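Spelled out from the first residue to the last, the chains are:
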Amino acid sequence: MFKKAERKQARLRLALAGPSGSGKTYSALQMAKGLGSKIAVIDTEHGSASLYADAAEFDVMELHAPYSPERYVEAIQAAEAAGYDVLIIDSYSHEWTGPGGCLEINDTYAKTNCKGNTWAAWSETTPRHRKLTDKILTSPLHIICTMRSKTETVQGEGKKIVKLGLKSEQRDGTDYEFTVVLDVTHDGHYAVASKDRTRLFQHPEVITPETGKKLLAWLNDGRNQEQQAADAAADAISKIPLVETMHELQSVYAAAYRQAQEYPEVLAKLNAAKDQRKAELTQPLEQTA
């Protein structure tokens, strides 16, 4: 069944890509200040994030090799359990190109299990990487991922040497997973949108806490998810007394349950209506028996 599209409240999934020295970590921290009060950083850059402890208040977990997808997932789960608002993964590139990351995992598996066929080995490596991607997409936290870019040095106007960030060091197609992808320039530390579903980044800008605040306003502008769940439950409750079979009851209930399961009060009302109709449908059978 088709229905009118509505933008829901959402959590941020943003990538900051750029060459060394472009200011990815600092920019991520400034943005995070506008998104929430409790900030966590997964630091794979040997303590570099802590150099900015005077610029933002945050907690850090230093993650060392091996940079397997599973270790990133565990770190995200730890941040969720600790109740943080925002998580910065600095950097996401290590999971792909770092020691013990996916490229190394794939080469090792190919040598030991696929007679050196790295193409065949991806059947093992890709699902492991995908679990991390899915964790990032489904986490209740706002997540900012920094990604290293391969660098090329060129001569700009006035023979000035300019450092350009090119392809990000992550799996091809990674950009598709994020709501916003910003490329941070080495010269001036400007953020330029290469992907922007928010339509907030029309021009290059230096990232500040205000950047995080405007993103948060956009994220919160969607229709409240609990209200959506309540509406779905109310619709189901109105239909439940009319169903004639257990199969119909389960179908109507299941559609609303998917939205209501995270909201105890809404779910309780839905369950009460289901249980009552279930008793009514099974009562004639019990009396006949």
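Up top is the structure.
I will try to describe carefully the structure that is included in this document. Computed from a prediction, not measured in an experiment: that's the story for all the values here.

## Re unusual backbone geometry
For residues other than glycine, phi is negative in most cases, and the peptide bonds are mostly trans.
Right, on to step 1. A cis amide bond, omega 5°, links Ala-65 with the succeeding residue Pro-66.
Right, on to step 2. If you trace the backbone, Pro-66 turns up in the loop between strand E3 (59-62) and helix H2 (69-81).
Right, on to step 3. Unusually for a residue other than glycine, His-46 sits at a positive phi of about 60°.
Right, on to step 4. On the secondary structure map, His-46 appears in the loop between strand E2 (39-43) and E3.
Right, on to step 5. Since its relative accessible area comes to 62%, His-46 is described here as exposed.
Right, on to step 6. Phi is positive for Arg-199, close to 65°, though the residue is something other than glycine.
Right, on to step 7. Its location among the elements puts Arg-199 in the loop between strand E8 (190-196) and strand E9 (205-206).
Right, on to step 8. Residue Arg-199 is classed as exposed on the basis of its relative accessible area, which comes to 60%.

## Examining the packing of helix H4 (residues 102-113) against helix H5 (residues 118-138)
Right, on to step 1. Interaxial distance between H4 and H5 falls to 8 Å at its minimum, and their mutual angle equals 135°. In terms of orientation, H4 lies oblique with respect to H5. In this structure, H4 meets H5 at a crossing whose hand is right-handed. Residues Cys-102, Leu-103, Ile-105, Asn-106, Asp-107, Tyr-109 and Ala-110 of H4 pack against Thr-118, Ala-121, Trp-122, Glu-124, Thr-125, Arg-128 and His-129 of H5.
Right, on to step 2. Here the residues of the contact of H4 with H5 are counted per class, giving seven nonpolar, four polar and three charged.

## Let's talk about H5
Right, on to step 1. Taking 1.5 Å as the rise per residue, H5 with 21 residues should run 30 Å; its terminal C-alpha atoms sit 30 Å apart, in good agreement.
Right, on to step 2. Maximum bend of H5: about 40°, positioned at Glu-124, with proline Pro-127 one to four residues after it.
Right, on to step 3. Among all positions in H5, only Ala-121, Thr-125, His-129, Leu-132, Thr-133, Lys-135 and Ile-136 are buried.
Right, on to step 4. At the N-terminal end of H5, a side-chain oxygen is found 3.1 Å from the backbone nitrogen of Trp-119, two or three residues along, and the residue is Asn-117.

## Some points on the packing of aromatic side chains
Right, on to step 1. In the structure shown here, the tally under the stated rule is four aromatic pairs.
Right, on to step 2. Ring geometry for Tyr-92 and Phe-178: centres 6.3 Å apart, planes at 80°, overall edge-to-face. Here Tyr-92 is found in the loop between strand E4 (86-90) and helix H3 (94-97), whereas its partner Phe-178 is found in the loop between strand E6 (161-168) and strand E7 (180-184), with 86 residues between them in sequence. In this structure, Tyr-92 and Phe-178 share a single accessibility class: buried.
Right, on to step 3. The side chain of Lys-38 reaches across the aromatic face of Tyr-84, ending 5.3 Å from its centre.
Right, on to step 4. In this structure, Lys-214 is placed above the aromatic ring of Phe-201, and the distance from its NZ or CZ to the ring centre is 4.8 Å.

The rules we used
Sequence positions are assigned chain by chain, starting from 1 and proceeding in written order. Local features are withheld for residues below a pLDDT of 70 in this predicted model, meaning they are given only at 70 or higher, and side-chain atom pairs are given and counted only at 80 or more; totals for whole chains, interfaces and linings count all residues. To obtain the side-chain values, all non-hydrogen atoms of the structure were used and water was disregarded. The way it works is that DSSP assigns letters per residue, a run of H or I at least four long becomes a helix, a run of E at least two long becomes a strand, and they are numbered from the N terminus. Buried means the residue's accessible area, taken with a 1.4 Å probe over protein chains only, is under 20% of the maximum for its type, while exposed means over 50%, and partly exposed covers the values in between. Helix axes are fitted to C-alpha atoms over the stretch in contact, other axes to C-alpha atoms as well, and angles between N-to-C directions run from 0 to 180 degrees. In this scheme, roughly parallel covers angles under 35 degrees and roughly antiparallel covers those over 145, while 65 to 115 is roughly perpendicular and the rest are oblique. Here is the rule for handedness: rotate from the far helix to the near one, and if that takes an anticlockwise turn smaller than a right angle the crossing is left-handed, while a clockwise turn gives right-handed. Two residues form a contact once any of their heavy atoms are found within 4.5 Å. Classification convention: Asp, Glu, Lys, Arg as charged; Ala, Val, Leu, Ile, Met, Phe, Trp, Tyr, Cys, Pro as nonpolar; all other residues, Gly among them, as polar. What a helix should span is 1.5 Å times the count of its residues minus one. By definition, a residue's bend is the angle between the axes fitted to the seven residues ending there and the seven starting there. Within 3.5 Å is the distance limit for a polar contact, defined as a pair of N or O atoms, with the added protein rule that one can donate a hydrogen and the other accept it, and that residues adjacent in sequence qualify only through two side-chain atoms. Only Phe, Tyr and Trp rings take part, Trp by its six-membered ring, and two of them pair if their centres are within 6.5 Å. Stacked means planes under 30 degrees apart, edge-to-face means over 60, and tilted covers everything else. A positively charged side chain is recorded as over a ring if its NZ (Lys) or CZ (Arg) lies within 6 Å of the ring centre. The angle to the ring normal must also be within 35 degrees.

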